[in-house]
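Fold and geometry: a report
Chain residues, written in single-letter form:
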Amino acid sequence: MKEFEHIGVIGGGAWGTALAQVAARAGRDQTPARKVTLWAREAEVVDTINTRHENARFLPGIALDESVRATSSVEEAASADALLMVTPAQHMRSVCAGLKPLLKPGTPVLLCAKGVEQGTLKLLTEVLAEALPQALPAVLSGPSFAAEVARGLPTAITLACADEEIGKALVHAIGLPTFRPYYASDLIGAEIGGAVKNVLAIACGIVEGKGFGASARAALTTRGFAEMTRLGLSLGARPETLAGLSGLGDLILTCNSPQSRNMSLGMALGQGKTLEEILGSRHSVSEGVFSATAVVELAAKHGIEMPISEAVAGIVTGRLNVDEAILALLTRPFKNES
Ligand SMILES: NC(=O)C1=CN([C@@H]2O[C@H](COP(=O)(O)OP(=O)(O)OC[C@H]3O[C@@H](n4cnc5c(N)ncnc54)[C@H](O)[C@@H]3O)[C@@H](O)[C@H]2O)C=CC1
Ligand SMILES: O=C(CO)COP(=O)(O)O
C-alpha cells in the first residue's frame, strides 16, 4: 500500500491545524518518520506553531506534536505526496490557482472544507477540477470539531475517493484509533452533507436562541435532513452517504452543540444580535453564512424545495428578519412527510 512520507496541509485555521496533528500522529511510526508541513497565511500562526507548538490564534491552548511544522511557503507544502485543503470554501478556488504551477500530476488532494461556491454554485470537487486539474480528488468530511480532534478525542469521518486503492491508502495514512475514516466512493454525497449542515445549524441555533425547546430542534433537524437528502439525491449522491457520517452524522453534531460556530451564530441571531455584530466579534469562519444563498440557488436550479435553508438565506442576506423567517416556516401548508 502506498505510504505518504510527506503530507501537506493548506490552511492553518483550527481544522487544518487539527488535521496536521492527526497526520503527524498517524505517521509517527512510519520509517522514515512522516513529515507534515502546514501552510498558513498568517506569519503569527507559522511562528507560534514552530516556536511554541501551539496555534495561538485559531486553536489556542492545545499542544501540537513537535513534528507539525508550519511554513509561509506554499511551494514547500505543495511538494508533499498528498495535500489536505483546509481553507474556507469561498477561498478554495484562489488557493488552488496558486498551487496549480506547483502540484505534481496525480497528487491526492483531500478537500476538507465545507461549502458551495457563491456565484458559480459549484461544489468544491468541481472547483478543484477546474482550478487544479492535475489533482486526484478526495473528500474528508464528518462530525469532527477541531478542538476535540486535536486533543485526540475519538471520532469517525467519511473519506471519499473515486480511486479505491488511493482512497484506502489515504484511510491508512491518516487513520488512528481515535480518528477513524470510513472509505466511500461517493464524493458528491460526502461534500453535500457538510455544505448543507452548516446552513441548517444556523437555523437550529436560532431555535435554541429563541428558547423554542428540544422538540422544535429535533423537528427542524429532521426536516433539515429531508432537505439535505432531496438536494443530494438530485445531484447524484447516494442515500447511504447522506445517512452516514458526512451527512446525518455531521448534522446531528452541528445542530446539537454550541461548540459549532454556525450553531452559536444562529443562537446569537435568535437572541437578537445582528449578523454584523456577530461576525465583527469573531475571526473564525461560519461557512453557513457564506453558503446559504448558494445552497438555495443550487436547489432552485434543480427544482428542489429547501424551506429551512431558504429561511436562513433570507436572514443572512437581510431580506427577512428572524421573526418573519420563523413565521413563514410555521405557517407553511401541511403536507405529506415524504
Ligand atoms: N473547525 C472545525 O471544527 C472544522 C472546520 N471544517 C471546515 O474547514 C474549513 C476551514 O475552517 P477552520 O479551519 O475552522 O477555519 P478558522 O475559522 O479556524 O480559520 C479561518 C481560516 O481561514 C483562512 N483564510 C481567511 N481568509 C483567507 C483567504 N483570503 N484565503 C485563504 N485562506 C483564508 C485563515 O488563514 C484561516 O486558516 C471550513 O470550510 C470549515 O467548515 C471542517 C470540519 C471541522
Ligand atoms: O464542521 C464542523 C464539525 O464537523 C464544525 O462546525 P462549525 O464550522 O459550525 O464550527
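The following refers to the structure shown.

Conventions and cut-offs
- Residues numbered from 1 in each chain as written.
- Chains lettered and ligands numbered in written order.
- Predicted model: local features only at pLDDT ≥ 70, side-chain atom pairs only at ≥ 80, totals over all residues.
- Near = placed C-beta within 6 Å.
- Helix = DSSP H or I, 4+ residues; strand = E, 2+ residues; numbered from the N terminus.
- Nonpolar A, V, L, I, M, F, W, Y, C, P; charged D, E, K, R; others polar.
- Domains from an automatic or database assignment.
- Core = buried A, V, L, I, M, F, W, Y, C linked by C-beta atoms within 7 Å.
- Buried ≥ 20, exposed ≤ 12 C-beta atoms within 10 Å, placed from the backbone.
- Contact = placed C-beta atoms within 7 Å.
- Pairing = 2+ DSSP bridges.
- Right-handed = clockwise from strand over helix to strand, strands pointing away.

Before going further, it helps to examine the site of ligand 2. Around ligand 2, the surrounding shell holds 13 residues, and the nearest of these are Ser144, Asp250, Ser260, Arg261 and Asn262. Of all the elements in the fold, those that place two or more residues in the shell around ligand 2 are helix 8 (187-209), helix 11 (245-254) and helix 12 (261-270). If one sorts the elements of the shell around ligand 2 by residue count, helix 11 sits on top with three residues. Looking at side-chain class alone, the shell around ligand 2 contains four nonpolar, five polar and four charged residues. Of the residues that make up the shell around ligand 2, three or more belong to each of domain 1 (6-185) and domain 2 (188-331).

Val9, Met85, Leu110 and Val295 are the most contacted members of the largest nonpolar core, which has 111 residues in total. The element that contributes the greatest number of residues to this core is helix 8, accounting for 13 residues. Residues from two domains meet in this core; each of domain 1 (6-185) and domain 2 (188-331) gives at least three. Setting aside residues no more than four positions away along its own chain, Val9 makes contact with Gly16, Leu19, Ala20, Ala23, Val36, Leu38, Trp39, Ala77, Leu84 and Val86.

On to the environment of Asn55, then. Of note, Asn55 is situated in the loop between helix 2 (43-52) and strand 3 (68-71). A count of 31 C-beta atoms within 10 Å places Asn55 in the buried class. If near-sequence neighbours (up to four positions away) are discounted, Asn55 is found in contact with Gly12, Thr17, Val45, Thr48, Ile49 and Leu64.

Another point: the pairing of strand 2 (residues 35-39). Burial of strand 2 is extensive: five of the five residues sit out of reach of the surface. Of the two faces of strand 2, the one lined by Lys35, Thr37 and Trp39 and the one lined by Val36 and Leu38 are each fully buried. Here five bridges tie strand 1 (residues 6-10) to strand 2, and the two strands are oriented parallel to one another. Considered in strand 2, the bridge of Ile10 is made with Trp39. The handedness of the strand 1 to strand 2 crossover, carried by helix 1 (residues 14-26), is right-handed. Both strand 2 and strand 3 contribute to a ladder of four bridges, which runs parallel. Within strand 3, the residue paired with Thr37 across the bridge is Arg69.

Function-wise, these values are silent; they only describe arrangement.
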